[in-house]
Structures are given as structure tokens and as C-alpha cells.
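Architecture and fold: a report
These are the residues of each chain, in order.
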Amino acid sequence: MRFILFAALFAFATDQISKWWVVHVMDLARIHSIDVLPPFLNFRMGWNTGINFGLFGADDALGKWVLILLALAIVVYVAIWTWRDRPGRLGQIGAGLLIGGALGNVVDRLVYGAVADFLNMSCCGIYNPFAFNVADVWIFVGAFGLIFFSAPQNSKKGA
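Since this is a predicted model, take the numbers as computed values, not measurements.

About the cut-offs
- Residues numbered from 1 in each chain as written.
- Predicted model: local features only at pLDDT ≥ 70, side-chain atom pairs only at ≥ 80, totals over all residues.
- Heavy atoms only, no water.
- Helix = DSSP H or I, 4+ residues; strand = E, 2+ residues; numbered from the N terminus.
- Buried < 20%, exposed > 50% of the residue type's maximum accessible area, 1.4 Å probe, protein only.
- Contact = heavy atoms within 4.5 Å.
- Areas by Shrake-Rupley, 256 points an atom, 1.4 Å probe, with all protein chains shown as cover.
- Pairing = 2+ DSSP bridges.
- Expected span 1.5 Å × (residues − 1).
- Polar contact = N/O pair within 3.5 Å; in protein donor to acceptor, adjacent residues only side chain to side chain.
- Phe/Tyr/Trp six-rings, centres within 6.5 Å; stacked < 30°, edge-to-face > 60°.
- Axes fitted to C-alpha atoms, helices over the stretch in contact; angles between N-to-C directions.
- Parallel < 35°, antiparallel > 145°, perpendicular 65-115°, else oblique.
- Left-handed = near helix turned anticlockwise from the far one by under 90°.
- Nonpolar A, V, L, I, M, F, W, Y, C, P; charged D, E, K, R; others polar.

**Details of the overall build of the chain**
- In terms of regular secondary structure, the chain is built from 5 helices and 3 strands.
- For the chain, the N- to C-terminal ordering of α and β elements is α-α-β-β-α-α-β-α.
- With 159 residues in all, the chain has 40% of them scored as buried.
- For the chain, the share of sequence-separated contacts (at least 6 apart) that also reach a separation of at least 24 residues comes to 70%.
- Carbon and sulfur atoms form 73% of the exposed surface of the chain, whose accessible area is close to 9200 Å².

Here is the structure:
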């Protein structure tokens, strides 16, 4: 199960370092926008009080704590599921990425009161108004890994 731990630590660290750099060093919270490789990659500061794309946004304390508890419940569920079913290496890495990304967004809610989103990508004449963060990438990749690589590992339990 060490793959889960390493992947979770990697996802959490890359997410938190990227957010710290963008918010505090690049000062994106103040300047709001930096064109990196327009239109493909731009930094657009957004404070997300909801889930993906701002759905179920809650500016009050109760909403923030509901989303924190929901994320922690998902983390616990995925950890128990992978401990019980013992997926192979790729499934464990997927679980770790999902867990680390979810915990990164939980830390944002605790520190900033909202999730720091800053990545904006558009392509091929289609403008994307939404921003996301590194944790969102890890959550998506982790969920993909769990969907496609979560078959239980037969030979080595506890790898």
C-alpha cells in the first residue's frame, strides 16, 4: 500500500506548492490574470467555494464545512476500499493521487476559505471560462486510474 502513500504525498505536495507559488510568489490573487501560452494556458485566479466549476458554491461557514467533511469522507472511503480490495499498482497510484488531490483542496478551504483555482485552458476556437488547479488534475487522473485499474491484486497483498 506504499504506492498509495507516495502518490498521495506527491499529489498533495505538487498541488500545495503550485498554489503557494501562484498565490504568494506570483501574486496572482492581486493581479488576477497572467497569459502564459494564450489561449492554451493562462493563469486566471478564482476562489471556488463549491465543487467542480463552482457547482454547489457555499460562501457560508456551514457550506464550507459540509464540503470539507464530504471530501474527507471520500478520502476515507477510497482508503478503506483500496485497503480491503487491494488493487494493483496502478489502482493504488490512482487512489493515492485522488486522496492527495482531495486533501489539497481541503487544506485550501481551511487556509483560504475557498479552493484556489488558477489554471485556464482553451483550444481550437473554444473559450473555456473555468479555472482549475493541480489538485483537480490529480483527482481526475486518480479517478480514471481507479475506474480502469482497480481490479484486486491476486498475488501480493499489501504491495
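**Quick look at the pairing of strand β1 (residues 33-37)**
- Sheet topology places β1 next to strand β2 (residues 41-48); 4 bridges connect them, and they run antiparallel. Residue pairing for β2: S33 is matched across the bridge by R44.
- Count of turn residues in the β1/β2 antiparallel hairpin: 3 residues.

**Here we look at helix α5 (residues 134-149)**
- The end-to-end C-alpha distance of α5, which contains 16 residues, comes to 22 Å, matching closely the 22 Å that a straight helix rising 1.5 Å per residue would cover.
- Every buried residue of α5 is accounted for by V134, A135, D136, W138, G142, G145 and L146.
- Buried residues belonging to α5 abut α1 (2-25), α3 (61-85), α4 (89-112) and β3 (115-120).
- Its side-chain oxygen 2.9 Å from the backbone nitrogen of A135, N133 forms the N-cap of α5.

**Thoughts on the packing of aromatic side chains**
- According to the stated counting rule, one finds 6 aromatic pairs in the structure shown.
- Between F144 and F148 the ring centres are 4.6 Å apart and the planes differ by 45 degrees, which places this aromatic pair in the tilted class. Of the two residues, F144 and F148 are both situated in helix α5; the distance of 4 residues between them amounts to about one turn of the helix.
- A residue is classified by how much of its surface remains accessible, and F144, at 43% relative accessible area, is partly exposed.
- Taking relative accessible area as the criterion, F148 reaches 53% and is therefore assigned exposed.

**Focus: unusual backbone geometry**
- With an omega of -5 degrees, the peptide bond between P38 and P39 qualifies as cis.
- In this model, D27 sits at a positive phi of 60 degrees, which is unusual for a non-glycine residue.
- Locating D27 in the fold gives a position in the loop between α1 and α2 (28-31).
- Classification of D27 as partly exposed rests on a relative accessible area of 25%.

**A word on the packing of α4 against α5**
- Here α4 crosses α5 at 150 degrees, and the two axes come no closer than 7 Å. One element, α4, and the other, α5, form an angle in the roughly antiparallel class. Along this stretch, α4 crosses α5, giving a crossing that reads as left-handed. Along the contact surface, α4 presents L90, G91, G94, A95, L97, L98, G101, A102 and N105, while α5 presents A135, D136, W138, I139, V141, G142, A143, G145, L146 and F149.
- Here the contact of α4 with α5 is built from residues that sort into 12 nonpolar, 6 polar and 1 charged.

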